[in-house]
Amino acid sequence: NRQKTGKNRQKTGKNRQKTGKMRASVLESFGDPSNLKYKEDYPEPKESELKDDEVLVNVAYSAVASGDWKARMGNVQLVYKMNLPRVIGIDFSGTVAAVGKAVKHVAVGDNVFGTQDNPKEQGTLAEKVVVPSKFVARLDPSVPLDQAGAIPTAALAADGGVQKLDYLKEGDKVLVIGGAGCVGACAVQMCLNRVGKAGLVIATGGSRNKEYLESLGATFVDYAGDERGEIERILGGSKVDAVFDSVGGSESYQLARTFMRKGGMCASAGGPIRNGGTTKVGGGTILKLFGGVMGWKLRSLFGGLKYHMVMGLSPETRLGVIADMMKGKKLEMRIDREFPLHEADKAHDRAQHGKLMGRVVVKVAK
């Protein structure tokens, strides 16, 4: 009996050691996707340590956006400083596991989505994540979790620009530069919701995205062809009431100035610098960015136009609005490819180097 009791104690000890651990993808050093290491024994957040305004989420899906792989490379340390090793990842969807005492808008068991954009806290490429409640919104059960996990930062960036175009009304015309990317596609849908069937949303993109953009309701223009000539033909001598630019750079700005009416607004999620993130963002880059924004604002004013660059996201006030759009099937996100958590490195490689048609997602839940 003593021997059996001793064996049982040993088993109990082993079981205790197994508790409090979770699967996660951990960035051990900046650089290539191979620096992401899959772990099955990463310490999980403790429910007992939740602050009053925090939510513990069982993660179903995370996404790999450009901001994720730029952070992995260490390219944005000046503005998004991370200490390593760390679980990375910003976007997520999942179900609520626990809530702090002050949290009222979500409850245990709810489907939710949101962002974890604090570089000092654990990211979303793990089975559990703790997030400030203001960065979490409840999802209608009809919204697929893969879609919800793919969309937060893209939809928030698009929404930040489209809010500046709040003067748009039924029947107006909009030009979306780079309409097939994740941010651009969200902007296309949001603009279509504003201008209605009587309006016009012209979206530029590559030829392989023609069918997709037209399925959303946009009028497609191939940027590799006679882009200006085609836009001019579609407009028939008229001008657009607003421009949403998801690409950035001087070519996009000149396109906006050419086709936008006086008094119209160009809202840009790209800004003056068309930067793919392959070089580190330093002080010079930031000065160039702000200098470019101020220069373009002044040039636009003299031309009777307005220019706004989306500088930050507002998840605390807008995630609920985006959730309602998804519930009403007024906003969706294409999934480029899905990877399991243990292949998060491959997901990062695909997001950074692939010719994407939508968002790369990581299925975290088993």
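The structure displayed is predicted, hence computed values, not measured ones.

Engineer: Help me understand the pattern of salt bridges in this model?
Structural biologist: If charged atoms from side chains of opposite charge come close, those side chains can pair. Counting across every chain of the model gives 11 salt bridges. The residue E127 makes a salt bridge to R23 at a minimum N-O spacing of 3.0 Å. Taken as a pair, E127 in the loop between β6 (111–115) and β7 (128–132) and R23 in strand β1 (residues 21–27) lie far apart in primary sequence, 104 residues in all. Judged by its relative accessible area of 23%, E127 is partly exposed. Taking the shortest distance from any N to any O, the salt bridge between D159 and R318 comes out at 2.7 Å. Of this pair, D159 sits in helix α4 (residues 152–162) while R318 sits in helix α10 (residues 315–327); the two residues are 159 residues apart in sequence, bridging distant segments of the chain.

Engineer: Any chance you could explain the packing of helix α7 (residues 227–235) against helix α8 (residues 250–259) here in plain terms?
Structural biologist: The axes of two packed helices give the description: the angle between them and the distance between them. Between α7 and α8, whose axes approach to 12 Å, the crossing angle comes to 25°. One element, α7, and the other, α8, form an angle in the roughly parallel class. At the point where α7 passes α8, the crossing takes the right-handed sense. Contacts between α7 and α8 involve E227, R228, I231, E232 and L235 on the former and, on the latter, Q254, L255, T258 and F259. Among the residues forming the contact of α7 with α8, the class breakdown is 4 nonpolar, 2 polar and 3 charged.

Engineer: I'm lost on the packing of aromatic side chains in this one. Help?
Structural biologist: The geometry of an aromatic ring pair is captured by the separation of the ring centres together with the interplanar angle, meaning the angle of the planes. Summed over all chains, the structure comprises 1 aromatic pair. For the pair Y253 and Y307, a centre-to-centre distance of 6.0 Å together with 85° between the ring planes defines the contact as edge-to-face. Placement of the pair is Y253 in helix α8 and Y307 in strand β14 (residues 306–309), with a sequence separation of 54 residues. Taking the relative accessible area as the measure of exposure, Y253 reaches 2% and is therefore buried. With a relative accessible area of 5%, Y307 lands in the buried category. Over the ring of Y212 we find R334; its NZ or CZ atom is 3.7 Å from the centre of that ring.

Reading the values: the criteria
- Residues numbered from 1 in each chain as written.
- Predicted model: local features only at pLDDT ≥ 70, side-chain atom pairs only at ≥ 80, totals over all residues.
- Heavy atoms only, no water.
- Salt bridge = Lys/Arg side-chain N within 4 Å of Asp/Glu carboxyl O.
- Helix = DSSP H or I, 4+ residues; strand = E, 2+ residues; numbered from the N terminus.
- Buried < 20%, exposed > 50% of the residue type's maximum accessible area, 1.4 Å probe, protein only.
- Axes fitted to C-alpha atoms, helices over the stretch in contact; angles between N-to-C directions.
- Parallel < 35°, antiparallel > 145°, perpendicular 65-115°, else oblique.
- Left-handed = near helix turned anticlockwise from the far one by under 90°.
- Contact = heavy atoms within 4.5 Å.
- Nonpolar A, V, L, I, M, F, W, Y, C, P; charged D, E, K, R; others polar.
- Phe/Tyr/Trp six-rings, centres within 6.5 Å; stacked < 30°, edge-to-face > 60°.
- Lys NZ or Arg CZ within 6 Å of the ring centre and 35° of its normal.

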